[in-house]
Amino acid sequence: MATGKLDRRHFLAAVGSVAGVGIAASSGLTAPARAAAGDRAYLGCYSSDGASGHGIAIATADSAGRLTVDGMIDVTDPSFLALSPDGSRLYAVNEGSGPGMVTAVDPHTAQVLNSVAVRGNGPTHLCVAPDGRAVLTANYGSGSVSVVSVTEDGRLGAVTDVARHTGSGPDPERQEGPHAHQVLFDPSGHWVLVVDLGVDAVYVYQLADGGLKEHARVAMAPGSGPRHLRFHPDGQRAYVANELNSTVTVCRWRADTGELVAGQSVAADTRGGDPRNYPSEPVVSPDGRLLYLANRGHDNIATFAVMSDSLVPLTTTPCGGVFPRDLTLDPSGRRLYASNQKSNSVTWLGLDPITGIPQGVAGSLETGSPTTVLFA
């Protein structure tokens, strides 16, 4: 991180009020209990620099969506999680304030297998290649993307490539240089997309033989600060949450050519208020009719109707916490889970079975500085 300036995590930590400090519900547990009937979930939690989390919480969601923590995995600052294609390995980026790391875990035994330096700073996001042979990390602090090989037993191997972005944006506080915030494969598995907040761009790469080859750099609106992208179930549309100008952009995607075309942008929260609303995560309903967007400044979830090439705002729903850093749809498609970083809670909201609109907070789990929820 740059000396003399607030890094991304500490900059955002200074924004808004902080709710009372919670105590991790999983405190004192070190190994997973036998899972009850329900869905297994992994909760990333910040654990350093004053954060109150303890690493990766292992939880079970029952038929009503209630989360119960079964154990803990001691991993530092797991700001994002991903599973291998066969579910046998869990990977976490270790964001922290020093050299960036990525960690491999056996989720069945809750044992850390190994950790590898990614040759980049402040990794905030990762994904696993469709064949399971590589893990890619988006390194916010250094504005780069790393490719880490995966061995036959699922451990992390050598870093085989680092793609470094260049440029800056009009916001002097947040866009003094590149800040890669997300890396993901498109639904075809052929293309790698990297969302860079610092240079207002989405990069399109191809991954071959452990190396990244840049295919395109797609410009977004100056000063928009693109953070995360989510594909529509049809694989032909994508939605980009823009952190700095509080919008979401509708894009067209062609998997045959690797072409991303930015279209309409709409306000992340049409009620107005502070323009620095910091939208974090877009989620598309399984049937493709709705888009949900977590707003950290306004502490709500905005719901939009998905049209062919546009979004129509429908409603906003309080998320039940403060600063929802991540938004996750459960495997049933009936609930949304908000990771409320600054109120030390994960809340869940039921979705109306007919309209899909969030019905309000149905429950909450107290856990320190949550960053993400991943269902297995």
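As the structure is a computational prediction, the values presented were derived from the model and not from experiment.

Conventions used here
- Residues numbered from 1 in each chain as written.
- Predicted model: local features only at pLDDT ≥ 70, side-chain atom pairs only at ≥ 80, totals over all residues.
- Heavy atoms only, no water.
- Pairing = 2+ DSSP bridges.
- Helix = DSSP H or I, 4+ residues; strand = E, 2+ residues; numbered from the N terminus.
- Axes fitted to C-alpha atoms, helices over the stretch in contact; angles between N-to-C directions.
- Phe/Tyr/Trp six-rings, centres within 6.5 Å; stacked < 30°, edge-to-face > 60°.
- Buried < 20%, exposed > 50% of the residue type's maximum accessible area, 1.4 Å probe, protein only.
- Core = buried A, V, L, I, M, F, W, Y, C linked by side-chain atoms within 4.5 Å.
- Contact = heavy atoms within 4.5 Å.

Enquirer: Explain the sheet that holds strand S22 (residues 300-306) to me, using residue names and the numbers behind them.
Expert: Pairing is antiparallel across the open sheet formed by four strands, whose spatial order is S20-S21-S22-S23. Each having just a single partner strand, strand S20 (279-284) and strand S23 (311-318) make up the two edges of the open sheet. Each neighbouring strand pair of the sheet contributes to a mean axis angle of 20°, computed without reference to strand direction. In this structure, strand S21 (residues 290-295) lies alongside S22, joined through six bridges in antiparallel fashion. Across the sheet, the residue bridging to leucine 290 is alanine 305, located in S22.

Enquirer: Give a detailed account of the packing of aromatic side chains, specifying residues and quantitative values.
Expert: This model, assessed by the stated rule, comprises four aromatic pairs. Where phenylalanine 231 meets tryptophan 253, the ring centres are 5.9 Å apart and the plane angle is 65°; that geometry is what we call edge-to-face. Taken together, the residues phenylalanine 231 in strand S16 (residues 226-231) and tryptophan 253 in strand S18 (residues 247-254) connect sequence positions 22 residues apart. You'll find phenylalanine 231 and tryptophan 253 in the same group, each marked buried.

Enquirer: Break down the sheet that holds strand S7 (residues 111-121) for me, citing the residues and quoting the values.
Expert: With antiparallel pairing, the four strands of this open sheet are ordered in space as S4-S5-S6-S7. The sheet is open, and its two borders are formed by strand S4 (78-83) and S7, each paired with just one other strand. Taken pair by pair, the neighbouring strands of this sheet meet at an average axis angle of 20°, ignoring direction. Summarising the sheet, strand S6 (residues 99-106) and S7 pair through seven bridges and their orientation is antiparallel. If you follow methionine 101 over to S7, its bridge partner there is alanine 117.

Enquirer: So, the side chain of threonine 371: which residues are in play, and what are the values?
Expert: If you trace the backbone, threonine 371 turns up in strand S28 (residues 370-375). Among the residues examined, threonine 371 registers a relative accessible area of 0% and is labelled buried.

Enquirer: Could you give an account of unusual backbone geometry, with specific residues and numbers?
Expert: One non-glycine residue with positive phi stands out, namely alanine 110, at about 65°. Relative to the helices and strands, alanine 110 is located in the loop between S6 and S7. Backbone geometry places tyrosine 278, a non-glycine residue, at a positive phi of 50°. Mapped onto the fold, tyrosine 278 is located in the loop between strand S19 (259-267) and S20. The buried category is assigned to tyrosine 278, whose relative accessible area is 4%.

Enquirer: So what's going on with the pairing of strand S24 (residues 324-329)? Which residues, and what values?
Expert: When you tally the buried positions in S24, you get six out of six residues, the bulk of the element. Relative to strand S25 (residues 335-340), S24 runs antiparallel, the two being bridged by five bridges. Residue pairing for S25: leucine 327 is matched across the bridge by alanine 338. The turn joining S24 and S25, which pair antiparallel and follow one another in sequence, is formed by five residues; a positive phi near 75° is taken by glycine 333.

Enquirer: Would you mind going over the nonpolar core in detail, with residue names and values included?
Expert: In this structure, Leu136, Val183, Val192, Val194, Tyr205 and Leu212 are the most contacted members of the largest nonpolar core, which totals 18 residues. If you list the elements that add at least two residues to this core, you get strand S9 (134-139), strand S10 (144-150), strand S12 (180-185), strand S13 (192-196) and strand S14 (201-208). Ignoring anything within four residues of it in the chain, the contact list for valine 192 reads Leu136, Val183, Leu184, Phe185, Tyr203, Val204, Tyr205, Leu207 and Leu212.

Limitation: the analysis is restricted to geometry and does not speak to function.
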